[in-house]
Structures are given as C-alpha cells and as structure tokens.
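Chain by chain, the residues run as shown.
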Amino acid sequence: MKGTEAFQELLPLLGNEPVIHANGFICRESFSLKDREENFYMIGSMGLASSIGLGVALCQPNRKVIVLDGDGNVLMSMGTLAMIAAEAPKNLVHVVIDNEVYESTGKQRSISNAVPLEQVAKSAGYRQAVRVDKREEIKPAFEKLMNAEGPVFLLIKVEPCFDHKTGRVTHTPEEITERFMKTLS
Ligand SMILES: Cc1ncc(C[n+]2csc(CCOP(=O)(O)OP(=O)(O)O)c2C)c(N)n1
Ligand SMILES: [Mg+2]
C-alpha cells in the first residue's frame, strides 16, 4: 500500500479526537486530505509529536488522543516509547506510518526495515502493538485499538509515495496552537 492510501483509509475513521502529527509529509498529507481544528501539526521539532501526545493524553484522560507519527520520528525519540509505556495513559493511540525512509527530506533509508518498531513498543510496555501491511487491515485494527485500553501502537507499513506537490500546512504555529487548545477546553 502507498502512504497516501493509508491516510485515505485512516482519516475517515476519525471523530473529534485530538491528533498530534509528526512533522514533514505526515502533516502535509493529513492537512491536504482533511484539515481539522483538532489537528496539531508539528512544524519542525522532529521526534516530538509523541511527547506532546503523551502530555495531551495525561491532561485529557477522558478523551482518546491520537499520535500520528513517522518511522524516522519514532527512531529519533525512541526513549519516548518507554516514557509512554511507563506513564501508561489508557487513552493514547500511537499510529506510525512506516515507509522505512525519511521521505520528507529525500527518501534516505531509515533503519525501520531492521528494527520492528511494533516489537519495540510492545517490549517497552505498550498494552498492545499491532502491525498491518494491507490497506484493508487498517480499519479493523484501528477500531479494535481505539476500543482497547491504551497505550496502544499501530504500525502501518507503506511504500514511499508522497506527492511532492502536496501543499504545506498554511496555518502559522500560533494559529495551530490556538485552535487546537480551543478544541481541548
Ligand atoms: C531535529 C530535526 N532533524 C531533521 C529534520 C528534517 N526532517 C524533517 S521531516 C524528516 C523525516 C521524517 O521521517 P519520518 O518520520 O519517517 O517521516 P516521512 O518523512 O518518512 O513521512 C526530517 C529528517 C527536522 N525537521 N528536525
Ligand atoms: Mg518515514
């Protein structure tokens, strides 16, 4: 499956959950397919979407909170997997689009072909960690994990394919923060 197809499958499954996006194409793809006030886009700060997601999940224990991450981002902050597992927010769903490359900066290979990130998450202490390779597996896996006690991890294996013509997030960081905070209050 292509990365774009994973987004096309995943985004219609969202309700009003806050979604914290990793930087680069993860933000851009989501923004161009369906911008939402509940979307927090990282503009830079690679690796930190999961930390912010953890903070939001701890502060909003009665809402499901989703982190939409990339393999390069997860590899950069692997310690956060341990922190999430240790804090164990029941409401956190960590989704990773794993294309085995740093696609946003020119498709340099990451090492997620050799390091199964879902096994790292499970070993760290996530309650469940699921890997899917096919588009039709996304919906049932996501729905199952959304109904499970967190923290849970969904690794979606994709082929790189982002269209470089896909626009950038046009909101300023201040606008992103302001509207996101409003949806939380
Ligand atoms: C600290 C830091 N290092 C490097 C970058 C440049 N950078 C932006 S996105 C990205 C790749 C992210 O990789 P991944 O999470 O796998 O997402 P993909 O691009 O494959 O969708 C890189 C290296 C950055 N923004 N910040
Ligand atoms: Mg990647």
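Read on for a plain summary of the structure. Everything numeric in this text was worked out from a predicted model, so none of it was measured.

Procedures and definitions
- Residues numbered from 1 in each chain as written.
- Chains lettered and ligands numbered in written order.
- Predicted model: local features only at pLDDT ≥ 70, side-chain atom pairs only at ≥ 80, totals over all residues.
- Heavy atoms only, no water.
- Donors = N, O, S within 2.8 Å, 3.2 Å for Na, K, Ca; no water.
- Helix = DSSP H or I, 4+ residues; strand = E, 2+ residues; numbered from the N terminus.
- Buried < 20%, exposed > 50% of the residue type's maximum accessible area, 1.4 Å probe, protein only.
- Core = buried A, V, L, I, M, F, W, Y, C linked by side-chain atoms within 4.5 Å.
- Contact = heavy atoms within 4.5 Å.

Protein coordination of the magnesium ion (ligand 2) is provided by D71 (OD), N99 (OD1) and V101 (O), with donor distances spanning 2.1 to 2.2 Å. Each donor residue of the magnesium ion (ligand 2) belongs to the same chain, with the gaps between them written as D-x27-N-x1-V. One end of the pair, D71, is in helix 4 (residues 71–76); the other, V101, is in strand 5 (residues 101–102), with 30 residues separating them in the sequence. Across the pair, V101 and D71 agree in class, each one buried.

Next up on the list: the nonpolar core. Counting 57 residues, the largest nonpolar core has V95, F142, L154 and I156 as its most contacted members. Residue contacts for F142: discarding those within four places in its chain leaves L10, L13, L14, I66, V93, V95 and L154.

Time to look at unusual backbone geometry. Of note, the amide linkage connecting G150 to P151 takes the cis form, showing an omega dihedral of 0°. In this structure, P151 sits in the loop between helix 7 (135–146) and strand 8 (152–157). Not every positive phi belongs to a glycine, and A88 is a case in point at roughly 50°. By the element assignment, A88 lies in the loop between helix 5 (78–87) and strand 4 (92–98). Residue classification places A88 among the partly exposed positions, given a relative accessible area of 35%. Phi is positive for K107, close to 65°, though the residue is something other than glycine. Locating K107 in the fold gives a position in the loop between strand 5 and strand 6 (108–109).

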